[in-house]
Amino acid sequence: MSKRKKERLVIIFFVLLVSFFANRALFAAVLIENTLLVLFFAFALFILFKGLHTFYAVFIKPRHSK
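The model shown is predicted, which means the values in this text are computed figures rather than measured ones.

### A few points about the packing of aromatic side chains
Then, in step 1: As enumerated under the stated definition, the model contains three aromatic pairs in all.
Then, in step 2: Residues Phe40 and Phe41 carry aromatic rings whose centres are separated by 5.5 Å and whose planes lie at 65° to one another, so their mutual orientation is edge-to-face.
Then, in step 3: Among the residues examined, Phe41 registers a relative accessible area of 49% and is labelled partly exposed.
Then, in step 4: On the basis of an interplanar angle of 45° and a centroid distance of 5.1 Å, the ring pair of Phe55 and Phe59 is categorised as tilted. One end of the pair is Phe55 and the other is Phe59, both in helix H1 (residues 3-60) and four residues apart, which spans about a single turn.

### Considering the environment of Ser19
Then, in step 1: Within the fold, Ser19 resides in helix H1.
Then, in step 2: Judged by its relative accessible area of 31%, Ser19 falls in the partly exposed class.
Then, in step 3: Between the C-alpha atoms of Ser19 and Leu45, which are 26 residues apart in sequence, the distance is 39 Å.

Rules used in this analysis
Residues numbered from 1 in each chain as written. Predicted model: local features only at pLDDT ≥ 70, side-chain atom pairs only at ≥ 80, totals over all residues. Heavy atoms only, no water. Phe/Tyr/Trp six-rings, centres within 6.5 Å; stacked < 30°, edge-to-face > 60°. Buried < 20%, exposed > 50% of the residue type's maximum accessible area, 1.4 Å probe, protein only. Helix = DSSP H or I, 4+ residues; strand = E, 2+ residues; numbered from the N terminus.

Written out as structure tokens, the structure reads:
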């Protein structure tokens, strides 16, 4: 194998390796972003339900006075 052919193979291998790790990093970033979005919306729903429960308990729930 000639020196020029070896250099081309090394360059192609390096480009493939870089693109492989870039794709893996992008995939991991998307997974992390989606996980954080799900956690954020779950927390927002939790706050909303706690607020609605408090609103119901304070303003709407009938008071039993003796």
